[in-house]
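Overview (structure and organization)
One letter stands for each residue in the lines below.
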Amino acid sequence: MENRLVHFNRDRDALVDEVVRRVVADRLAAAAAGGDRSIEYVLNEVAYCEMSRLSAYTDRKSQRAYARWHDLAARLGTMSEADKRRELERLARHYALDVVGNFNPRVYRFASGVLPTALGLAFTPLGGADALGGLSRLADRVQVQGAVDVVRTCAEHGTLVVAPTHSSNMDSIVLGFALETSGLPPCTYGAGKNLFSNRLISFFMHNLGAYRVDRRLKFSLYKDVLKQYSTVLLEHGYHSLFFPGGTRCRSNHVESKLKLGLLGTSVQAFAHTLRPIYVVPVTINYHLVLEAETLVDDHLAEQGRQRYIIEDDEFSQVGRIVQFLRRVLSLEESVVLRFGRPMDPFGNEVDDDGRSRDRRGRLVDPSRYLCDARGQVAEDPQRDAQYTRELGEELVHAYRRETVFLTSHLTARALFDELVAAAGTHDVYRLLRVPRHELRVPVAAVEQRIDRLRRAIAARPEVGRVHDRVQRMTPSQIVDDALRALGGYHTRPVAVRAGDALQIGAPRLVYYYRNRSAHLRDY
């Protein structure tokens, strides 16, 4: 299958030029209406936001940058309209160049060929005797399920927008590996600019088509650049990866509140070219999550907004990554990626040949969704925003449907529900204060709950599915497998056997792994 990204560097300058042209044209058209849409207002917003961001820093470089923005803000009142237009174009190009990615075929060949083998050999837990099986071991641990054949067909007919759930900074790495081993094309994707501070990770992301997203920049001009960049990439046939949940999910719930900004660019790109675009829901289901402790602490402290960008979690600690990878390679199905059936940009599922079908299974022409009363394709931002909301709702349903429950999820749910029953409260903050000697749960009660939970999930496919191997296990085997998966990595054991009971050592992690099934209200 063609790797469109090998042409990226050839197209790079033209992509940037097109982004700048569109952003400036849209802003000039909006400014013609006057009021808050004037160019002066746009430039003032940029200067104000940049000064607010830089005011937190005292180093010389930041202070010089602050002075330049302050100077721009001071000059706005006396600038001619021509000067304002030139400044607008200069800033649009500045941010477009900051965002745009890069692709190096040699780095791609290394990352897709040599690196997995090296990782498998380096981290195989049994050492020399099993070392030659390293690559197969890594491939075994990252399982890919679902509508892969249909996604492959869609990639031949049009452009993919891969839309996965987001639990960890490992997601884009794991997904890239899964695409390669499944014969699917690589995608370009947006990565938080803070991730580029790690030199090793930055090297690979920068050379494999990732583009930078600076979440500190909240002003509308920067958002315009991001959206237009995404739209232009799709129009040029570059398969893209978005995380509709935005940043990593702190709670480990299956995402239900999606950010629709970049997702909406699929409608825009289709409207401009009428070339098929397929949105592919993917769930990434981990036995063990690298940053679980930081994420759940952040969630419980209700500091998600203040710590929107976490810079000091486990992903920044090489030792934790090594420890995590060693643990992952010792577990069966450590990560399960499940591809849902692709959709068109309007939320219609497509058939095996990539053709859109409505809810009754009838063939539909997606271009008809964009036509006005005269039957002509026409722009209508309000209409397209509604289409994007409906697409987001369909993605939420797909995420739940395609969630794969592993032993760690079932056992954590049963443990947590036993704690709730014993304490007589669902208040998680009260549960976290339960004295350690009361954090003991009878094994038999946990196993009974697991059995009921597993049957309830089997009866309600809309909430997800239990992994095939887990379906064949006894409840006792499920508990043992979960304790093995969750033990030996986190700084405190999640739970350990203590006679005929399970002693919980980290209730907040029980809560975290339990949350994967929280959308199943009762069982």
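You'll find the structure just up there.
Residues numbered from 1 in each chain as written. Predicted model: local features only at pLDDT ≥ 70, side-chain atom pairs only at ≥ 80, totals over all residues. Heavy atoms only, no water.

Moving on, we come to the environment of Y108. Here Y108 shows up in helix α5 (residues 105-123). Residue classification places Y108 among the buried residues on the basis of a relative accessible area of 19%. Considering only alpha carbons, one finds Y108 and E235, 127 residues apart in sequence, at a separation of 23 Å. In this view, Y108 contacts N3, F103, E180, P186 and L208; residues no more than four positions away in its chain are not counted. (Helix = DSSP H or I, 4+ residues; strand = E, 2+ residues; numbered from the N terminus. Buried < 20%, exposed > 50% of the residue type's maximum accessible area, 1.4 Å probe, protein only. Contact = heavy atoms within 4.5 Å.)

In space, the seven strands of this open sheet follow the order β1-β7-β6-β2-β5-β3-β4, with mixed pairing throughout. At either margin of the open sheet sits one strand with a lone partner, and together these are β1 (142-146) and β4 (211-213). In the packing of helix α11 (residues 220-235) onto the sheet, the strands contacted are β2 (159-164), β3 (188-192), β4, β5 (240-241) and β6 (277-286), and the crossing angle to β4 comes to about 155 degrees. (Pairing = 2+ DSSP bridges. Axes fitted to C-alpha atoms, helices over the stretch in contact; angles between N-to-C directions.)

Further remarks concern the sheet that holds strand β11 (residues 495-498). If you walk across this open sheet you meet the three strands as β9-β12-β11, and the pairing is antiparallel. A single partner strand is all that each edge strand has here, and the edge strands are β9 (440-442) and β11. If you compare each strand with its neighbour and ignore which way they point, the axes differ by 30 degrees on average. Across the face of the sheet, helix α20 (residues 475-486) comes into contact with β11 and β12 (501-504) while running at roughly 125 degrees to β11.

Enumeration over the complete set of coordinates arrives at 39 salt bridges. The salt bridge involving E349 is made with R401; its shortest N-O contact spans 3.5 Å. A residue pair is termed long-range when its members are at least 10 positions apart, and E349 in the loop between β7 (335-339) and α15 (381-401) and R401 in helix α15 qualify at 52 residues. The exposure class of E349 is partly exposed, given its relative accessible area of 34%. Under the relative-accessibility criterion, R401 is labelled partly exposed at 28%. Each of E18, R21, R22 and E235 takes part in a single network of salt bridges with overlapping partners. (Salt bridge = Lys/Arg side-chain N within 4 Å of Asp/Glu carboxyl O.)

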